[in-house]
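Commentary on secondary and tertiary structure
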Amino acid sequence: MTAAAADPPLPFWKAKPLERMTRTEWESLCDGCGRCCLHKLRDEDTDEVAHTNVACRLLTIETCRCSDYENRRAWVPDCVKLTPGRLKRIDWLPPTCAYRVLAEGRDLAWWHPLVSGDPETVHRAGVSVRGKAVRERDAGPFEHHIVQWPGQVPRRAATPPNTRQGSSTR
Ligand code: SF4
Ligand code: SF4
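One structure accompanies this document, and this report is about it. Here the structure is a predicted model, which is why all the values come from computation and not from measurement.

Each value, and the rule that gives it
- Residues numbered from 1 in each chain as written.
- Chains lettered and ligands numbered in written order.
- Predicted model: local features only at pLDDT ≥ 70, side-chain atom pairs only at ≥ 80, totals over all residues.
- Heavy atoms only, no water.
- Buried < 20%, exposed > 50% of the residue type's maximum accessible area, 1.4 Å probe, protein only.
- Helix = DSSP H or I, 4+ residues; strand = E, 2+ residues; numbered from the N terminus.
- Pairing = 2+ DSSP bridges.
- Salt bridge = Lys/Arg side-chain N within 4 Å of Asp/Glu carboxyl O.
- Near = heavy atom within 4 Å.
- Nonpolar A, V, L, I, M, F, W, Y, C, P; charged D, E, K, R; others polar.
- Polar contact = N/O pair within 3.5 Å; in protein donor to acceptor, adjacent residues only side chain to side chain.
- Contact = heavy atoms within 4.5 Å.

Remarks on the pairing of strand S2 (residues 49–55)
For S2, a buried count of five out of seven residues is recorded, marking the element as mostly surrounded by other parts of the structure. Where strand S1 (residues 38–42) and S2 come together, four bridges link them in antiparallel fashion. Looking at the pairing, Arg-42 lines up with Val-49 of S2. The turn joining S1 and S2, which pair antiparallel and follow one another in sequence, is formed by six residues; a positive phi near 70° is taken by Asp-47.

As for the pattern of salt bridges
Scanning the entire structure with this criterion turns up eleven salt bridges. A salt bridge links Arg-42 to Asp-47, with the nearest nitrogen and oxygen atoms 3.5 Å apart. Under the relative-accessibility criterion, Arg-42 is labelled partly exposed at 40%. When salt bridges that share partners are traced, they join Arg-42, Asp-47 and Asp-91 into one network.

Notes on the site of ligand 1
Around ligand 1, the surrounding shell consists of Cys-30, Asp-31, Cys-33, Gly-34, Cys-36, Leu-82, Pro-94, Cys-97 and Tyr-99. A per-class count over the shell around ligand 1 returns seven nonpolar, one polar and one charged.

Some words on the site of ligand 2
Neighbouring ligand 2 are the residues Cys-37, Cys-56, Leu-58, Leu-59, Cys-66, Arg-72, Val-76 and Cys-79. Counted by class, the shell around ligand 2 contains seven nonpolar, no polar and one charged residues.

A word on the side chain of His-145
With respect to the helices and strands, the residue His-145 is situated in the loop between helix H8 (136–139) and helix H9 (155–158). Looking at His-145, its side chain comes within polar contact range of the side chain of Asn-53, at 3.0 Å. Once residues lying within four places of it in the same chain are set aside, the contact partners of His-145 are His-51, Thr-52, Asn-53, Val-54, Val-134 and Ala-139.

Re the environment of Gln-148
Among the secondary structure elements, Gln-148 is positioned in the loop between H8 and H9. Looking at Gln-148, the relative accessible area reads 55%, which means it is exposed. With 95 residues separating them in the primary sequence, Gln-148 and Asn-53 have C-alpha atoms 9.0 Å apart.

Read these as layout, nothing more, since geometry by itself doesn't imply function.
Shown next as C-alpha coordinates:
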(Lines give C-alpha, C1' and ligand atoms only; values in the text may rest on other atoms or scores of the structure.)
(Ligands and ions follow the chains in the order given, each with its own letter.)
Protein backbone atom coordinates (compact mmCIF):
# COMPACT_ATOMS: atom_id res chain seq x y z
CA MET A 1 0.00 0.00 0.00
CA THR A 2 1.34 3.46 -0.84
CA ALA A 3 0.49 6.65 1.00
CA ALA A 4 -1.67 9.12 -0.93
CA ALA A 5 0.26 12.17 -2.08
CA ALA A 6 -0.55 15.28 -0.07
CA ASP A 7 -2.40 18.03 -1.91
CA PRO A 8 -0.10 20.90 -2.91
CA PRO A 9 -0.55 23.97 -0.73
CA LEU A 10 -2.97 26.58 -2.02
CA PRO A 11 -1.40 29.67 -3.57
CA PHE A 12 -1.51 32.63 -1.23
CA TRP A 13 -4.33 34.43 -3.08
CA LYS A 14 -6.57 31.43 -2.45
CA ALA A 15 -5.29 30.68 1.02
CA LYS A 16 -5.81 34.05 2.69
CA PRO A 17 -8.07 37.06 2.41
CA LEU A 18 -6.79 40.33 0.98
CA GLU A 19 -6.65 41.86 4.46
CA ARG A 20 -4.10 39.30 5.64
CA MET A 21 -1.69 39.46 2.74
CA THR A 22 1.85 40.69 3.21
CA ARG A 23 2.89 43.80 1.35
CA THR A 24 4.88 41.67 -1.11
CA GLU A 25 1.90 39.40 -1.76
CA TRP A 26 -0.41 42.38 -2.17
CA GLU A 27 1.88 44.10 -4.64
CA SER A 28 2.39 40.89 -6.61
CA LEU A 29 -1.35 40.74 -7.30
CA CYS A 30 -1.01 43.65 -9.71
CA ASP A 31 -0.92 42.10 -13.18
CA GLY A 32 0.76 45.14 -14.74
CA CYS A 33 -2.11 45.86 -17.11
CA GLY A 34 -2.00 49.63 -16.64
CA ARG A 35 -5.77 49.96 -17.04
CA CYS A 36 -6.22 51.73 -13.72
CA CYS A 37 -3.67 54.31 -14.88
CA LEU A 38 -5.93 55.56 -17.64
CA HIS A 39 -7.78 58.79 -16.96
CA LYS A 40 -11.43 58.58 -16.07
CA LEU A 41 -14.11 61.22 -16.37
CA ARG A 42 -16.89 61.40 -13.80
CA ASP A 43 -20.21 62.99 -14.71
CA GLU A 44 -21.03 65.54 -12.02
CA ASP A 45 -24.78 65.05 -12.42
CA THR A 46 -25.06 61.27 -12.71
CA ASP A 47 -21.81 60.30 -10.92
CA GLU A 48 -21.17 57.85 -13.77
CA VAL A 49 -17.60 57.10 -14.76
CA ALA A 50 -16.42 57.15 -18.37
CA HIS A 51 -13.14 55.46 -19.23
CA THR A 52 -10.63 57.06 -21.59
CA ASN A 53 -7.57 55.69 -23.34
CA VAL A 54 -5.41 58.57 -22.06
CA ALA A 55 -2.56 57.39 -19.86
CA CYS A 56 -1.46 59.08 -16.68
CA ARG A 57 1.67 61.13 -17.30
CA LEU A 58 3.78 58.66 -15.30
CA LEU A 59 2.66 55.57 -17.17
CA THR A 60 5.14 54.19 -19.66
CA ILE A 61 2.68 53.08 -22.30
CA GLU A 62 4.97 50.47 -23.88
CA THR A 63 5.60 48.57 -20.64
CA CYS A 64 2.30 49.57 -18.97
CA ARG A 65 4.22 50.31 -15.77
CA CYS A 66 4.44 53.42 -13.61
CA SER A 67 7.75 55.12 -14.28
CA ASP A 68 8.18 56.27 -10.65
CA TYR A 69 5.96 54.06 -8.56
CA GLU A 70 7.65 54.71 -5.21
CA ASN A 71 7.41 58.50 -5.56
CA ARG A 72 4.31 58.64 -7.73
CA ARG A 73 2.19 60.69 -5.36
CA ALA A 74 4.72 63.52 -5.46
CA TRP A 75 3.99 63.81 -9.19
CA VAL A 76 0.38 62.65 -9.26
CA PRO A 77 -1.20 63.51 -5.90
CA ASP A 78 -4.55 61.98 -6.82
CA CYS A 79 -3.05 58.58 -7.67
CA VAL A 80 -5.14 56.22 -5.54
CA LYS A 81 -3.28 53.77 -3.33
CA LEU A 82 -5.30 50.57 -3.34
CA THR A 83 -6.06 49.00 0.04
CA PRO A 84 -8.54 46.27 0.99
CA GLY A 85 -10.76 48.92 2.58
CA ARG A 86 -10.70 51.24 -0.42
CA LEU A 87 -11.55 48.42 -2.82
CA LYS A 88 -15.09 48.43 -1.46
CA ARG A 89 -15.59 52.09 -2.41
CA ILE A 90 -13.83 52.26 -5.78
CA ASP A 91 -16.20 51.94 -8.73
CA TRP A 92 -13.77 52.29 -11.62
CA LEU A 93 -11.41 49.32 -11.38
CA PRO A 94 -11.53 47.18 -14.54
CA PRO A 95 -13.29 43.82 -14.28
CA THR A 96 -9.95 42.14 -14.98
CA CYS A 97 -8.11 43.79 -12.06
CA ALA A 98 -6.84 41.12 -9.66
CA TYR A 99 -7.80 43.19 -6.61
CA ARG A 100 -11.37 43.52 -7.81
CA VAL A 101 -11.46 39.90 -8.98
CA LEU A 102 -10.44 38.57 -5.55
CA ALA A 103 -12.62 41.06 -3.64
CA GLU A 104 -15.58 39.77 -5.66
CA GLY A 105 -14.74 36.16 -4.79
CA ARG A 106 -13.55 35.22 -8.29
CA ASP A 107 -10.25 33.50 -9.13
CA LEU A 108 -7.30 34.84 -11.08
CA ALA A 109 -7.48 34.08 -14.79
CA TRP A 110 -5.05 32.00 -16.85
CA TRP A 111 -3.27 35.08 -18.17
CA HIS A 112 -2.47 36.56 -14.74
CA PRO A 113 1.33 36.42 -14.31
CA LEU A 114 0.97 34.68 -10.94
CA VAL A 115 -0.96 31.88 -12.67
CA SER A 116 0.91 31.73 -15.99
CA GLY A 117 4.36 32.44 -14.56
CA ASP A 118 4.90 34.77 -17.52
CA PRO A 119 4.57 38.58 -17.30
CA GLU A 120 3.82 38.71 -21.04
CA THR A 121 0.51 36.84 -20.88
CA VAL A 122 -1.34 39.93 -19.62
CA HIS A 123 -0.33 41.59 -22.89
CA ARG A 124 -0.97 38.56 -25.10
CA ALA A 125 -4.46 38.20 -23.66
CA GLY A 126 -5.24 41.78 -24.67
CA VAL A 127 -5.81 42.83 -21.08
CA SER A 128 -3.07 45.44 -20.82
CA VAL A 129 -3.12 48.90 -22.32
CA ARG A 130 -0.16 48.11 -24.58
CA GLY A 131 -0.84 49.45 -28.04
CA LYS A 132 -4.12 51.05 -26.94
CA ALA A 133 -3.21 53.97 -24.69
CA VAL A 134 -2.23 57.47 -25.76
CA ARG A 135 0.13 59.75 -23.91
CA GLU A 136 -1.39 62.53 -21.86
CA ARG A 137 0.74 65.17 -23.59
CA ASP A 138 -0.46 64.06 -27.03
CA ALA A 139 -4.12 63.56 -26.17
CA GLY A 140 -5.83 66.96 -26.30
CA PRO A 141 -9.28 67.07 -24.66
CA PHE A 142 -9.92 63.88 -22.69
CA GLU A 143 -13.56 63.99 -23.80
CA HIS A 144 -12.36 63.01 -27.28
CA HIS A 145 -10.87 59.80 -25.91
CA ILE A 146 -13.81 58.10 -24.21
CA VAL A 147 -13.63 54.32 -24.78
CA GLN A 148 -15.45 51.28 -23.44
CA TRP A 149 -12.73 48.63 -23.41
CA PRO A 150 -11.12 49.44 -20.03
CA GLY A 151 -14.41 48.38 -18.46
CA GLN A 152 -14.67 45.14 -20.42
CA VAL A 153 -13.01 41.70 -20.46
CA PRO A 154 -11.34 41.11 -23.83
CA ARG A 155 -12.60 38.03 -25.67
CA ARG A 156 -9.04 36.71 -25.94
CA ALA A 157 -8.73 36.80 -22.16
CA ALA A 158 -11.86 34.79 -21.50
CA THR A 159 -10.56 31.48 -22.84
CA PRO A 160 -7.13 29.91 -22.22
CA PRO A 161 -5.26 29.49 -25.55
CA ASN A 162 -5.16 25.68 -25.32
CA THR A 163 -8.94 25.39 -24.98
CA ARG A 164 -9.87 27.67 -27.88
CA GLN A 165 -11.70 26.34 -30.90
CA GLY A 166 -10.27 27.49 -34.21
CA SER A 167 -8.48 30.80 -34.56
CA SER A 168 -9.37 33.80 -32.54
CA THR A 169 -8.57 37.41 -32.94
CA ARG A 170 -10.21 40.22 -31.14
S1 SF4 B 1 -5.99 47.55 -12.96
FE2 SF4 B 1 -5.41 46.39 -11.15
S3 SF4 B 1 -4.08 44.77 -11.94
FE4 SF4 B 1 -4.18 46.34 -13.54
S5 SF4 B 1 -2.43 47.71 -13.16
FE6 SF4 B 1 -4.20 48.53 -12.04
S7 SF4 B 1 -4.03 47.68 -9.98
FE8 SF4 B 1 -2.73 46.44 -11.32
S1 SF4 C 1 1.06 57.75 -10.81
FE2 SF4 C 1 1.76 55.77 -11.57
S3 SF4 C 1 0.47 54.25 -10.50
FE4 SF4 C 1 -0.54 56.28 -10.28
S5 SF4 C 1 -1.99 56.41 -12.01
FE6 SF4 C 1 -0.07 57.35 -12.67
S7 SF4 C 1 1.06 55.72 -13.72
FE8 SF4 C 1 -0.53 54.74 -12.48
